[in-house]
Amino acid sequence: MKKIIIALCASAMLIASCGNNNEAIQKEAQAFIDSYTEEYLKLYADASEAAWKLNIEIIPGDSTNKMAAQEADEAMAAFTGSEENINNARKYLEQKTALTELQVKQLDAILYAAANNPATVEELVKERIAAENAQTELLYGYQYMLHGRKVSTNDLDEALKTETDLNERLAAWSSSKDVGPTLKDGLVNLRNLRNKTVQALGYNDYFTYQVSDYQMQTTEMMETMDRLMGELYPLYRELHTWMRYEMAKKYNAEVPDYLPAHWLPNRWGQDWSAGVEVSGLDINGILGEKSAEWIVKEGEKLYTSIGFPSLPETFWTKSSLYPYPADSNVKKNNHASAWHMDLQNDVRSLMSVEPNSEWWETANHELGHIYYYMTYTNPDVPPLLRGGANRAYHEAIGSMMGMAAMQKPYLVGRGLVSEDAKINEVQSLLKEAMNAVVFMFFSCGTMSHFEKDIYVDNLPADQFNARWWQYVKKYQGIVPPTDRGEEYCDAATKTHINNDAAQYYDYALSYVILFQLHNHIAKNILHQDPRATNYYGEQGIGDFLKKITYPGASKDWRVVLKESTGDELNAKAMLEYFNPLMDWLKEQNEGRTYALPETL
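The structure displayed is predicted, hence computed values, not measured ones. (Residues numbered from 1 in each chain as written. Predicted model: local features only at pLDDT ≥ 70, side-chain atom pairs only at ≥ 80, totals over all residues. Heavy atoms only, no water.)

A. Structural context of the environment of I541. One can find I541 in helix α21 (residues 539–549). Using a relative accessible area of 0% as the deciding quantity, one classes I541 as buried. Expressed as a C-alpha distance, the spacing of I541 and S305, which sit 236 residues apart in the sequence, is 10.0 Å. In contact with I541, other than residues within four places in its own chain, are I306, I521, I525, L526 and Y535. (Helix = DSSP H or I, 4+ residues; strand = E, 2+ residues; numbered from the N terminus. Buried < 20%, exposed > 50% of the residue type's maximum accessible area, 1.4 Å probe, protein only. Contact = heavy atoms within 4.5 Å.)

B. Highlighting the pairing of strand β4 (residues 337–340). Neither face of β4 is left uncovered, since the one carrying S337 and W339 and the one carrying A338 and H340 both have all their residues buried. Alignment of β4 against strand β5 (residues 347–350), held across 4 bridges, turns out to be antiparallel. Within the sheet, the bridge partner assigned to S337 lies in β5 and is L350. Count of turn residues in the β4/β5 antiparallel hairpin: 6 residues, of which L343 carries a positive phi of about 60°. (Pairing = 2+ DSSP bridges.)

C. View of empty space enclosed by the protein. By the definition in use, this model includes 3 cavities of 30 Å³ or more. Surrounding the largest cavity, W173, K177, A261, R267, W268, G269, W468, W469, V472 and I478 form its lining. When residues of the lining of the largest cavity are traced back to their parent elements, those giving at least two are α7 (166–177) and α18 (464–476). Among the residues forming the lining of the largest cavity, the class breakdown is 7 nonpolar, 1 polar and 2 charged. Each pocket or cavity is described by its volume, and for the second largest cavity that value is around 50 Å³. (1 Å grid on protein atoms, 1.4 Å probe; cavity = no way out; pocket = protein on both sides within 12 Å on 5 of 7 lines; lining within 4 Å. Points joined across faces, edges and corners; volume = space filled by probe spheres on them. Nonpolar A, V, L, I, M, F, W, Y, C, P; charged D, E, K, R; others polar.)

D. A look at the layout of surface pockets. Taken as a whole, the second largest pocket encloses approximately 330 Å³ of empty space. What lines the second largest pocket is a set of 19 residues, and nearest its centre among them are S152, T153, Y324, A326 and N334. Among the elements that make up the lining of the second largest pocket, the one with the highest residue count is helix α6 (residues 153–162) (3 residues). Among the residues making up the lining of the second largest pocket, the classes are represented as 9 nonpolar, 6 polar and 4 charged.

E. Fine view of the packing of aromatic side chains. Counting across every chain of the model gives 40 aromatic pairs. With centroids separated by 4.4 Å and ring planes inclined at 15°, the aromatic side chains of Y112 and Y209 adopt a geometry described as stacked. With Y112 in helix α4 (residues 101–115) and Y209 in helix α9 (residues 206–211), this residue pair connects regions lying 97 residues apart in the sequence. Overall, the relative accessible area of 18% leaves Y112 in the buried class. The class for Y209 is buried, based on a relative accessible area of 3%. When the ring of F439 is compared with that of F442, the centres are 6.4 Å apart and the planes differ by 55°; the resulting orientation is tilted. On the criterion of helical spacing, the pair formed by F439 and F442 is a turn pair, its members being 3 residues apart in helix α17 (residues 425–455). Under the relative-accessibility criterion, F439 is labelled buried at 5%. The buried category is assigned to F442, whose relative accessible area is 0%. The rings of F439, F442, F450, F464, W468, Y504, Y507 and Y511 are connected pair by pair, giving a single aromatic cluster. Stacked on the ring of W294, the Lys or Arg K290 has its end atom at 4.7 Å from the ring centre. (Phe/Tyr/Trp six-rings, centres within 6.5 Å; stacked < 30°, edge-to-face > 60°. Lys NZ or Arg CZ within 6 Å of the ring centre and 35° of its normal.)

F. Structural context of the nonpolar core. Ranked by size, the top nonpolar core spans 155 residues in total, and within it M440 and F578 carry the most contacts. Looking at this core element by element, the count peaks at 16 residues for α17. With residues up to four places along the chain from it excluded, the contact list for F578 reads L235, L429, E432, A433, A436, V437 and F515. In terms of nonpolar packing, the next biggest core, distinct from the first, is built from 21 residues, L41, M76, L107 and A113 among them. (Core = buried A, V, L, I, M, F, W, Y, C linked by side-chain atoms within 4.5 Å.)

G. Here's a closer look at the confidence of the model for the protein. Mean pLDDT over the protein: 94, with 97% of residues reaching 70 or higher. With pLDDT under 50 throughout, residues 6–10 is counted as low confidence; its partners more than four residues away or in other chains account for 0 contacts. (pLDDT = per-residue confidence, 0-100.)

H. View of α17. Between the first and last C-alpha of α17 there are 43 Å, a value that for 31 residues agrees with the 45 Å anticipated at 1.5 Å per step. A433 marks where α17 bends most, by close to 35°. Of all the 31 residues making up α17, 26 are buried; the element is thus mostly covered by neighbouring parts of the structure. Where α17 starts, the residue carrying a side-chain oxygen 3.1 Å from the main-chain nitrogen of V426 turns out to be N424. (Expected span 1.5 Å × (residues − 1). Bend = angle between axes of the 7 residues up to and from the residue. Polar contact = N/O pair within 3.5 Å; in protein donor to acceptor, adjacent residues only side chain to side chain.)

I. Region of interest: the side chain of R267. By the secondary structure assignment, R267 is in the loop between β3 (259–260) and α11 (284–287). A polar contact is formed between the side chain of R267 and the side chain of D157, at a distance of 2.7 Å. Ignoring anything within four residues of it in the chain, the contact list for R267 reads T153, D157, L160, W173, S176 and K177.

J. Examining the environment of D342 more closely. Relative to the elements of secondary structure, D342 occurs in the loop between β4 and β5. The spacing of D342 and L43 is 299 residues in sequence and 9.0 Å in space, taken between C-alpha atoms. Separated by 3.1 Å, the side chain of D342 and the backbone nitrogen of D346 make a polar contact.

Shown next as structure tokens:
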């Protein structure tokens, strides 16, 4: 009996000793995390401000903003990639069983940030930062010309949406690609610098590094892209066939096997929705009578109506929401984006809002990012984990809210469509599919495979354009209107290839997740048809979204998806949404020739 008591006492003492030891390790690790976070927040805010100015104030010949951004980025890189921070993070992670889950996640985040800026290759990091800023300046400082006059990208986009003369369309499309050759050398240089930088901390290449943020390997991510396209391919094949015949009719031309790129209403063929008119649902006329500010304010109303707070006053005073004149000497990044400037309360958006349906949807989308920032900025989420459940979640929330703002019951409620308007439901679904489904084959297919080839396989620079158009044809069923040799670099005309590289699968995954979330909201909260919902004023939606957005990146994204929708990642909800359209397309395409193969 005495032996048992002695053994129990010894065991209790050992447990207490382990507990005390764990507490000591946790305390020491937390002191490091807190110290790191304090400096990180300061440098992050400085870098954000410098990047913001570079993006909204591009003056040809003036490198002041570029140099300031470079200096701020270098300071951030020197800190996040310092050997001391790397060694400390690794030291504590070696004892991860003694740490809390939140501490482990923060230490992992510290090492992930370090891999892009390791001090062991300090000069290489500086060179990469300089190259990235120079590429941004080249891309957004470029003056597009059409028939000898200065035009903006908005002008070119409008021409591709509305122009019916094929020669004029070709001129606008060609003009949109003129920036490519000026970016090719910079892209090749960036590929090499990005790969070498992350290789210093053990990653094979930059694409693999970015994919690892999902706790996935490159092969797993590419298999996921191919799987999603495989699930959606029968629908895409029907859409492609319908589009070939309808566009040929519109332009009074022979039906092509593959769609000529300049026939489509988007510079990259990633969105064909502008080519479909939905009778009874043309809101451009009424939006044209509104102001650009009204568009953004209405977006805010949607979020406040479901229980989110009003946007902070600084959002309105510090954001850059409206376009500069086409002939302005000062340019800005024309790609809509949302910014969490300090990982605290300074949230801003960079847009070029005009009163039309595209910006109506985009404004609601960008505010989705802003409200995600605002929600996970809370005491329970450390600043180092203030991000989406994964990067795709950010896009999913934004895109879902943009889509919801375009559904008839919502538009009726906002006074943009008459309640008795006769809307062709099939046309409406067709227009949505021409956006969402078509986009999947650009994102999963062309973009993800091209960037994988660039970074993982080190695709030679003299094969860039050939490989780009090989994928555009294979995955999108689109061909260039003229010969596009290697003197062009058409991939580089897409902003993400340059300054948001190796992450475009984020958008593909976001579309899948948004349909899964929307399907749950429609069926389980609103009890409405997913194709005809009205989110406005529904507090239950706000509560649902807050549960997803509140933890930020402190919770595993797979767990978040399973808990919120009850399902794993798949395209079932998207296919179900467009199921009525599939039947209609098969009827329309009866007797027509399919150019795309039966399987991808």
